[in-house]
Structure formats: structure tokens, C-alpha cells
Amino acid sequence: MGVGMTRALLVATVLLLAGVPGGLRARAYEVRTVGGWERELRAGAVVRTAPPSQQIFFRVERTADGRYRNASQGLLLSPRCEILDPSGKPTGLDAWLCPVDPDKSRLQVPLKPDDPKAVLPLRRGTVDVDLDGDGVTNERGYLLVTETAIFVVAYSAHTRLLKFDFVRLGDPQKVRVLQTLRRYQVRVVP
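Given the structure is predicted, the values throughout are model-derived calculations rather than measurements.

Engineer: I tried to follow the overall build of the chain on my own but got confused; where do I start?
Structural biologist: Each helix and strand counted, the chain has one helix and 13 strands in total. Secondary structure elements of the chain occur, N-terminal to C-terminal, as α-β-β-β-β-β-β-β-β-β-β-β-β-β. Each of the 190 residues in the chain was classed as buried or not, and the buried ones make up 42%. For the chain, the proportion of contacts with a sequence separation of at least 24, taken over those separated by at least 6, is 45%.

Below, the structure is given as C-alpha cells:
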């Protein structure tokens, strides 16, 4: 088998493993930031912009019992990125970023580890604005929009892998708004 054929088979395997509905299936996932920006706006004008550091954001590895461990965040997860307690039971909460679209109707993301009532309730939706600037709209994801905050997690329509997240905090009618956009690259280990 030639190098080109081997590479094509590997890419097809990665896409197959990554794109199975229902979340994580591969042995491991490495999520790396590959672009984006952090910026501050005052009265609608950008006053500060900085790129996020390009680094490995987190890794998720399958354990012997089929669950997943995110060691950097100290989380044990189900294949659908539900946070599990130390005994392996679901807590009713979800990880902020799942490497593969968990294909759920909503996510309940904890804001404070010590307060189970403080959660971000993100709903399944379509990101109809090109937030990441790649010319693609109508991407599947999870969203929460209020008067003073926007939280978006988006996934690639072709691979179902994590694509970007966007957070805006602050009231645009007031003085200060903080925005963060992080683009991701997910490496799948079959």
C-alpha cells in the first residue's frame, strides 16, 4: 500500500471516528488553539486586541472502562462529555468544550465548581453569523444569548469536530465589552 493510500485511509478513519453521532469514540483527542482574538471595546470602538496563545488547550483520553478523562481540568466524562462524579455517575452537568459535537439538545455547563446551581444553560442552535471569519455560516452549535452576554460553541458541519468558541461579556449600551474568539484544531487518536 502506497503512502498516499495509507494517508487517505488514515484520514477516512479519523473522520469516521470523529463524526459518529453521540460524541467521543476515539482513544484520545487533543484540542489546540490555532487562532482568534481577545478584545476590549469601549463605546463600540475596539481599544485593545490580542491573539490568544496558540497551545494545546486540553486533552481527553479514554480510560479502560470507556469513560474519558480530561486531566488538566480534573474531569471524568461520559462519551457525550457529561461530567461524572468520582464514582462514575452523571452529575447532570456538561463540559464547556467537547472535542466532538455531543449531539444534545442542551448543555448545562457549571460556572462555579462549588455551586451546582450556577450553570450556563446553552441550547442547541445554528450559528447564523460568521463569528470566526472563515466565510461559513449556519454552523451547528450551542448558544446562550442574554442582554449582557453571548456564549457560543460551534462545530464543523463536515467533521463534527470542535471549531470555535465565542464569548462576549458586557452590555453594548454601556461603556465596556470584552470579547474572546478561539479557533480550535482537534487531533483525533483512533
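Engineer: Sorry if this is basic, but what is going on with unusual backbone geometry here?
Structural biologist: Across the chain, the bulk of peptide bonds are trans and the bulk of non-glycine residues have phi less than zero. Positive phi is not limited to glycine here, since C81 has a value of about 65°. Looking at the secondary structure, you find C81 in the loop between β5 (75–77) and β6 (82–84). Despite not being glycine, R160 shows a phi value in the positive range, around 65°. Overall, the relative accessible area of 15% leaves R160 in the buried class.

Engineer: Is there a simple way to think about the layout of surface pockets in this case?
Structural biologist: Over the atoms rolls a probe the size of a water molecule, and in doing so it shows where empty space is left. In this structure, the largest pocket encloses a volume near 510 Å³. Taken together, 25 residues line the largest pocket, and the ones lying closest to its centre are Q73, L75, I83, D94 and P110. The set of elements that each furnish at least two residues to the lining of the largest pocket consists of β3 (56–62), β4 (68–70), β5, β6, β7 (90–94), β8 (106–112) and β9 (115–127). If you tally residues by element for the lining of the largest pocket, the top one is β8, at four residues. For the lining of the largest pocket, the class distribution of residues is 17 nonpolar, four polar and four charged.

Engineer: Which parts of the structure should I look at to understand the environment of Q54?
Structural biologist: Residue placement: Q54 occurs in the loop between β2 (45–50) and β3. Looking at Q54, the relative accessible area reads 57%, which means it is exposed. Excluding anything up to four places from it in sequence, Q54 contacts T33, V34 and G35.

Engineer: Could you clarify how one ought to interpret the packing of aromatic side chains in this entry?
Structural biologist: Aromatic ring pairs are described here by two measures, namely the spacing of the ring centres and the angle between the planes. Going through the model one piece at a time under the given rule, you end up with six aromatic pairs. When the centroid spacing of 6.0 Å and the interplanar angle of 55° are considered together, the rings of F57 and F58 count as tilted. Relative accessible area serves as the criterion here: at 3%, F58 is assigned to the buried category. Ring plane angle 55° and centroid distance 5.5 Å describe the contact between F57 and Y184, whose orientation is recorded as tilted. Taken together, the positions of F57 in strand β3 and Y184 in strand β13 (residues 176–189) put the pair 127 residues apart, joining distant regions of the chain. Using a relative accessible area of 26% as the deciding quantity, one classes F57 as partly exposed. Its guanidinium or amino end placed over the ring of W37, R39 lies 3.8 Å from that ring's centre, counting from NZ or CZ.

Calculation notes
- Residues numbered from 1 in each chain as written.
- Predicted model: local features only at pLDDT ≥ 70, side-chain atom pairs only at ≥ 80, totals over all residues.
- Heavy atoms only, no water.
- Helix = DSSP H or I, 4+ residues; strand = E, 2+ residues; numbered from the N terminus.
- Buried < 20%, exposed > 50% of the residue type's maximum accessible area, 1.4 Å probe, protein only.
- Contact = heavy atoms within 4.5 Å.
- 1 Å grid on protein atoms, 1.4 Å probe; cavity = no way out; pocket = protein on both sides within 12 Å on 5 of 7 lines; lining within 4 Å.
- Points joined across faces, edges and corners; volume = space filled by probe spheres on them.
- Nonpolar A, V, L, I, M, F, W, Y, C, P; charged D, E, K, R; others polar.
- Phe/Tyr/Trp six-rings, centres within 6.5 Å; stacked < 30°, edge-to-face > 60°.
- Lys NZ or Arg CZ within 6 Å of the ring centre and 35° of its normal.

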